[in-house]
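So you can see what is in the structure, the chains are spelled out below.
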Amino acid sequence: MQRWGDLTPFARGATLMLGAIFAFSIMDAVAKFLTGSYHPVQVVWARYTFQLVFVFLIAAPRLRTLLRTKYPRLQLVRSAFLFGATVCFFLSLPHLKLVTVIAIFEVAPLVICLFAFFFLGEPVGWRRWAGVSCGLVGALIIIRPAGDFFTPAALLPLMAAAFFAAYAVSTRFLGQAENPWTSFLYTALIGTIGANLCLPFFWTAPKPTDVIFMAILGAGGGIGHLMLIRALVQADASALSLFNYCGLIYGAILGYVVFSEVPDMFTVVGSVFIVSAGIFVWYRENQVAARNRQNKRLSES
């Protein structure tokens, strides 16, 4: 077996990315379990509060330094977007299968392309537009807005994807000017404050055993984000983005093992559309990036 240091940067990044997606999937499964006994808003509170405790334990020696930010308003806005994504995602869990929620949410990378075009002015060619359109078609197949089995709860993961895309685009504004750990800390801090403001309207005293699951929920989010940060240090985000779709595999396995859920035909077909669109956009972005690097080398030689 190869030692960690002997692996290539991409191999280390891919391993960490797979671990991060698995941690997030565990978090989602625990959240779905808890929403069977508690209001989703209280589960959101547990997710952020215990993650904040986790972050404080890890970052305690540098806490005062990490709290310093040049962009307090932007940190507030981007954290609010992620909070909205979490609330919408968790609100859908009591009403939909775990893999269905994850499948609809997987349109987020495609929505990021859409938002980047409108708000950042990033160029988007017809191929990317085709990928985005295909992904949204996949989401509509799963949601079935005109079908007899449609439920408004199916729109919640789509709203979560939109909020997450807004979070990702607003994070791009920070660029390299802000320490990723500072952004990580503010995300947990502002999310905890927001959840605590809502909590009195939805509070139910948790059972001692459920407090353990709530701690696992927060730790899953914290560990996932830490591994994600480390993965992006090792390899380019564009190269690792394809591994996001492993969340569908994890979600399907956890949904079946933990909740005895079997994806229906519409979820499977819609997921194929979404994943195919994501792979297509990923492939095109890597082609463009490679061409730009080659042109840059030629211009410098």
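Here, residues in each chain are numbered from 1, in the same order as that chain's written sequence. Confidence filtering applies because this is a predicted model: local features only for residues at pLDDT of at least 70, side-chain atom pairs given and counted only at 80 or more, and all residues used for totals across whole chains, interfaces and linings. Here the side-chain values reflect all heavy atoms present in the structure, with hydrogen atoms and water set aside.

**Things to note about the overall build of the chain**
Okay, so step 1: Elements are defined by DSSP. Helices are runs of H or I of four residues or more, strands are runs of E of two residues or more, and each kind is numbered from the N terminus. A count of helical and extended segments in the chain gives 13 helices and zero strands.
Okay, so step 2: Along the chain, from the amino end to the carboxyl end, the secondary structure elements read α-α-α-α-α-α-α-α-α-α-α-α-α.
Okay, so step 3: Expressed along its principal axes, the backbone C-alpha trace of the chain runs to roughly 65 × 55 × 45 Å.
Okay, so step 4: Every one of the 301 residues in the chain was classed for burial, and the buried ones make up 46%.
Okay, so step 5: The contact criterion used is simple: two residues touch if any of their non-hydrogen atoms lie within 4.5 Å. Sequence separation of at least 24 residues holds for 89% of the intrachain contacts in the chain that already meet a minimum separation of 6.
Okay, so step 6: For the chain, the accessible area works out to roughly 15,400 Å², and carbon and sulfur atoms hold 69% of it.
Okay, so step 7: None of His or the chain ends enter the tally, which takes Lys and Arg as positive and Asp and Glu as negative. Every charge is mapped onto a representative atom, which is NZ of Lys, CZ of Arg, CG of Asp or CD of Glu. Distance between charge centres in the chain, computed from 22 positive and 12 negative side chains, equals 9 Å. Buried, partly exposed and exposed residues are distinguished by accessible area as a fraction of the type maximum, computed with a 1.4 Å probe on protein chains only: under 20%, between the cut-offs, and over 50%, respectively. Note that accessible areas follow from Shrake-Rupley with a 1.4 Å probe, and for residues the cover is restricted to the protein chains shown.

**Here we look at helix α9 (residues 180-198)**
For the α-helix, the turn length of 3.6 residues means that residues three or four positions removed from each other point alike.
Okay, so step 1: Here α9 is 19 residues long and its end C-alpha atoms lie 27 Å apart, about the 27 Å a rise of 1.5 Å per residue gives.
Okay, so step 2: When we look at burial in α9, the residues that qualify are Thr 182, Ser 183, Phe 184, Leu 185, Tyr 186, Thr 187, Ala 188, Ile 190, Gly 191, Thr 192, Gly 194 and Ala 195.
Okay, so step 3: Here the buried face of α9 lies against α2 (40-59), α3 (63-66), α4 (72-92), α8 (155-174) and α10 (208-234).
Okay, so step 4: One side-chain oxygen of the residue at the start of α9 lies 2.8 Å from the amide nitrogen of Trp 181, identifying that residue as Asn 179. Expected span of a helix: the number of residues minus one, times 1.5 Å. Counted as a polar contact is a pair of N or O atoms within 3.5 Å, where, for protein atoms, one must be capable of donating a hydrogen and the other of accepting one, and residues adjacent in sequence contribute only when both atoms are in side chains.

**A few points about a nonpolar patch on the surface**
Okay, so step 1: On the surface, a cluster of nonpolar side chains totalling about 620 Å² of accessible area is made up of Ile 249, Ile 253, Tyr 256, Val 257, Val 258 and Val 262.
Okay, so step 2: Along the polypeptide, Tyr 256 turns up in helix α12 (residues 246-259).
Okay, so step 3: Tyr 256 sits in the exposed class, given a relative accessible area of 55%. Put simply, a patch holds well-exposed residues, over 30% relative accessible area, that have no salt bridge, with like charges counted together within 9 Å and Val, Leu, Ile, Met, Phe, Trp or Tyr side chains within 5 Å. What makes a salt bridge here is a side-chain nitrogen of Lys or Arg within 4 Å of a carboxyl oxygen of Asp or Glu, nothing more.

**Points about the packing of helix α1 (residues 9-34) against α12**
Okay, so step 1: At a closest axis distance of 9 Å, the pairing of α1 and α12 adopts a crossing angle of 35°. Of the two elements, α1 crosses α12, and the hand of that crossing is right-handed. Of the residues in α12, those in contact with Leu 18, Ile 21, Phe 22, Ser 25, Ile 26, Ala 29, Lys 32 and Phe 33 of α1 are Cys 246, Gly 247, Tyr 250, Leu 254 and Phe 259. Here, axes are lines fitted to C-alpha atoms. For helices the fit covers the stretch in contact, and angles between N-to-C directions go from 0 to 180 degrees. Two helices crossing with the near one rotated counterclockwise from the far one by less than a right angle form a left-handed crossing, whereas a clockwise rotation gives a right-handed crossing.

**Examining the nonpolar core**
Okay, so step 1: The set of buried Ala, Val, Leu, Ile, Met, Phe, Trp, Tyr and Cys residues whose side-chain atoms join them within 4.5 Å is what this entry labels a nonpolar core. One finds Leu 34, Val 43, Phe 89, Phe 90, Leu 93 and Leu 217 to be the most contacted residues of the largest nonpolar core, which totals 52 residues.
Okay, so step 2: The residues touching Leu 93, leaving out its near neighbours within four places in the chain, are Asp 28, Ala 31, Lys 32, Thr 35, Leu 98 and Val 101.

**Focus on the packing of α9 against α10**
Okay, so step 1: Contact pair α9 / α10: the axes reach a minimum separation of 11 Å and the direction vectors enclose 160°. By the criterion of interaxial angle, the relationship of α9 to α10 is roughly antiparallel. Of the two elements, α9 crosses α10, and the hand of that crossing is right-handed. Residues Pro 180, Trp 181 and Phe 184 of α9 form the contact with α10, whose own contacting residues are Gly 222, His 225, Leu 226 and Ile 229.
Okay, so step 2: Classes in brief: Ala, Val, Leu, Ile, Met, Phe, Trp, Tyr, Cys and Pro nonpolar; Asp, Glu, Lys and Arg charged; the others, Gly included, polar. Residue composition of the contact of α9 with α10, grouped by class: five nonpolar, two polar and no charged. An angle below 35 degrees is read as roughly parallel, one above 145 as roughly antiparallel, one from 65 to 115 as roughly perpendicular, and any other as oblique.

**As for the environment of Leu 240**
Okay, so step 1: You can see Leu 240 is positioned in helix α11 (residues 237-240).
Okay, so step 2: Remark: the alpha-carbon pair of Leu 240 and His 39, spanning 201 residues in sequence, is separated by 34 Å.
Okay, so step 3: Beyond its immediate chain neighbours, meaning those up to four positions away, Leu 240 contacts Phe 10, Gly 13, Ala 14, Met 17, Ala 231, Leu 232 and Ala 235.

**A short note on the pattern of salt bridges**
Okay, so step 1: The final tally for this structure, using the stated rule, is one salt bridge.
Okay, so step 2: Residues Glu 261 and Lys 32 are paired through a salt bridge, measuring 3.6 Å at the closest nitrogen-oxygen approach. Here Glu 261 is found in the loop between α12 and α13 (265-300), whereas its partner Lys 32 is found in helix α1, with 229 residues between them in sequence.
Okay, so step 3: With a relative accessible area of 12%, Glu 261 lands in the buried category.

**Regarding the confidence of the model for the chain**
In regions of low pLDDT, the predicted coordinates are not meant to be interpreted in detail.
Okay, so step 1: How sure the predictor is of each residue is captured by pLDDT, a score from 0 to 100. Here the chain shows a mean pLDDT of 84. Residues at 70 or above account for 90%.
Okay, so step 2: Summarising per-element confidence for the chain, the mean pLDDT is lowest in α11 (66) and highest in α4 (93).

**As for the environment of Tyr 186**
Okay, so step 1: In this structure, Tyr 186 sits in helix α9.
Okay, so step 2: With 90 residues separating them in the primary sequence, Tyr 186 and Leu 96 have C-alpha atoms 30 Å apart.
Okay, so step 3: Apart from residues no more than four positions distant in its own chain, Tyr 186 is found in contact with Leu 66, Leu 67, Thr 69, Gln 75, Ser 79 and Gly 191.
Okay, so step 4: From its side chain, Tyr 186 meets the backbone oxygen of Leu 67 in a polar contact 2.3 Å long.

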